[in-house]
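Below, each chain spelled out in residue letters.
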Amino acid sequence: MLKTILKHQNPCRIIGSRFKTSSVQYVESRARDPTFEKLMDKYKNLLKVIAIQDLILANPTNNPPSVSLDFLSRLSQKLHLNRGAASFLRKYPHIFHIFYDPNKSQTFCRLTDAAVDISRQEAEAINASLPLVVDRLVRLLSMSTTKSLPLRAVFKVWRELGLPDDFEDSIISQNSHIFRLVDAHEPNTHILTLTDEMRDKSFVASVENWRVTECCKEDCGDDRTEIRFSFKHSYPPGMRLRRDFKAKVKEWQRLPYAGPYEEMGEKKRSKAGTMAVEKRAVAVVHEFLSLTVERMVEVEKISHFRKSFAIDLNIRDLFLDHPGMFYLSTKGKRHTVFLREAYERGCLIDSNPVYSARRKLLDLVVLGRHAMLTKESRSVENFQTETPCLKDENGG
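A short tour of the structure in this document, coming up. (Residues numbered from 1 in each chain as written. Predicted model: local features only at pLDDT ≥ 70, side-chain atom pairs only at ≥ 80, totals over all residues. Heavy atoms only, no water.)

### Focus on the overall build of the chain
Here is step 1: When its secondary structure is counted, the chain shows 15 helices and 13 strands.
Here is step 2: Here the chain, with 396 residues, has 49% of them falling under the buried criterion.
Here is step 3: Sequence-distant contacts in the chain: of pairs separated by 6 or more residues, those separated by 24 or more amount to 64%.
Here is step 4: A total accessible area of about 20600 Å² is found for the chain, and carbon and sulfur atoms account for 50% of it. (Helix = DSSP H or I, 4+ residues; strand = E, 2+ residues; numbered from the N terminus. Buried < 20%, exposed > 50% of the residue type's maximum accessible area, 1.4 Å probe, protein only. Contact = heavy atoms within 4.5 Å. Areas by Shrake-Rupley, 256 points an atom, 1.4 Å probe, with all protein chains shown as cover.)

As C-alpha cells, this is what we get:
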C-alpha cells in the first residue's frame, strides 16, 4: 500500500513515498504503540538473560551447570552487556547465582532453583507438544516454493517455532517419513525438505479461522464476499487515518491473492498483479508469525526465508506498510515484529504452555533486584509481573 496515505498524530510527520524517504526515516516515521514498546523494554533484557542461560545449560560437566565469570566477561560485548557481565548478573538475583569455587579459585555463575524450574517447565511443555511442533515445521516447509528450506534458516528460528534444541535428532531423524535432509550445492550446507508423500498435503491458513468467525457473527454487517480475502486490522493509538487511506485498505482487503500454501502462478506486471504479489507476501509473513510460539520474530531472522518464500519485497518495509496487521519495534538494537491481532494489553490472547513458561522467566526479569515474596504468599507458578498488561483501547 502507498506510504503517502498514512498520517500520524503529529501533522508534520507524514510518511512520504518510498522513493523519497530513506529506510531509516521510514522506520522512525512509524506510529508508536506504547503497549508493544513497554513489552519490548522487558524483552530486550530477557533476550540477554536467555543467551546467558543457554551458555550455562550448555555446560553440564559442572554440577550444577555453571560458567565462569571470566568467560562471560570475555563475551560481554557480544552479549551486549554494556556494564559488564558481573553488573548484569547482579541485576537478576532471582535468575543467576554468583558463587566462588575455592577448588578452582574462580567465580562462577549458575541458575537459581527458580530459573532451573522454569527452564524445566519449558522443556516439558515443548516435549509434550511434539506433534504440534512437527505440524508447525511441515507448514513452514509447505510455504516454500520448493517444499524445502536451508537448515541454517530453520536454526535461526528454532526457539521461535518452539523446537527442541536437539530438533535434528528428536524431530527430523525421528520422522523420516516426513522430513529428509539432503546436501546442498554449498559445502557443509544441508537442505531440509518434505518427503514426496508429504508434498501434496494441503493446509488452511490461520487467517481463515478469523474469517469464519467474522462471517458467523450475527451482527456481521460486511458482505461475506468482502471478508473472503480480508485480514484483521487494528491500529496504534494516536494514528489518525485519512479517508483515502481507509479507501485504499478497503480496496486492498477485497483483492484476491494466492494463499501461503497455494501455487503462486505467473506474475503479472499490471498494477493489480503487483498488488496481488504484495498481498501474497503479506499473507506468507502473517502465517509465519502465526506459527511462532509468541507471534513475534526478529525481522533479520525472517529475512532468511525471503528467497524460499519467493518474496521479492523488503520484509521490513512490508511490515511498515501494514501497521494494522503488524507492529515493528526497534528496541534493544534489533527490529522485532509482532502480529497485532494475537496480542491484547501486552499479552498473548491464545496462550500456550511454552509461552506461559517463557513468560514466567520474563516475570523474574521484571522483578529484578526486588525481594521475592514468600512461597506461602506467592510462588513462581502464580507470580505475575509488577507491571501487568496495560489496557489498550486500540486492540494492541
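Continuing now.
### Topic: the packing of aromatic side chains
Aromatic rings in a pair are described by how distant their centres are and how their planes are angled relative to each other.
Here is step 1: With the rule as written, the count across this model stands at 16 aromatic pairs.
Here is step 2: Relative to Phe167, the ring of Phe155 lies with its centre 4.9 Å away and its plane at 55°, an arrangement referred to as tilted. Of this pair, Phe155 sits in helix H7 (residues 151-156) while Phe167 sits in helix H8 (residues 167-172), placing them 12 residues apart in sequence.
Here is step 3: For Phe155, a relative accessible area of 35% translates into the label partly exposed.
Here is step 4: A relative accessible area of 1% means that Phe167 is categorised as buried.
Here is step 5: Taken together, a centroid distance of 5.4 Å and an interplanar angle of 45° make the contact between Phe203 and Tyr261 tilted. Of this pair, Phe203 sits in the loop between strand E7 (190-194) and helix H9 (207-216) while Tyr261 sits in the loop between helix H11 (243-254) and helix H12 (271-291); the two residues are 58 residues apart in sequence, bridging distant segments of the chain.
Here is step 6: In this structure Tyr261 comes out as buried when scored by relative accessible area, which is 15%.
Here is step 7: Members of the aromatic cluster, each reached through a chain of ring pairs, are Phe36, Tyr327, Phe338 and Tyr343.
Here is step 8: Sitting over the face of the ring of Trp252, Lys279 holds its NZ or CZ atom 4.7 Å from the ring centroid. (Phe/Tyr/Trp six-rings, centres within 6.5 Å; stacked < 30°, edge-to-face > 60°. Lys NZ or Arg CZ within 6 Å of the ring centre and 35° of its normal.)

### Section: the side chain of Gln53
Here is step 1: Positionally, Gln53 belongs in helix H2 (residues 34-57).
Here is step 2: Not counting residues up to four positions away in its chain, the partners in contact with Gln53 are Phe96, Leu111, Ala115, Ser119 and Leu361.

### Comments concerning the pattern of salt bridges
Here is step 1: Scanning all chains against the criterion turns up 14 salt bridges.
Here is step 2: The salt bridge involving Glu294 is made with Arg358; its shortest N-O contact spans 3.2 Å. Placement of the pair is Glu294 in the loop between H12 and strand E9 (296-298) and Arg358 in helix H15 (residues 353-367), with a sequence separation of 64 residues.
Here is step 3: Exposure remark for Glu294: the relative accessible area of 13% places this residue in the buried category.
Here is step 4: Overall, the relative accessible area of 9% leaves Arg358 in the buried class.
Here is step 5: Three or more residues are tied together by salt bridges with common partners; here these are Asp41, Lys44 and Lys331. (Salt bridge = Lys/Arg side-chain N within 4 Å of Asp/Glu carboxyl O.)

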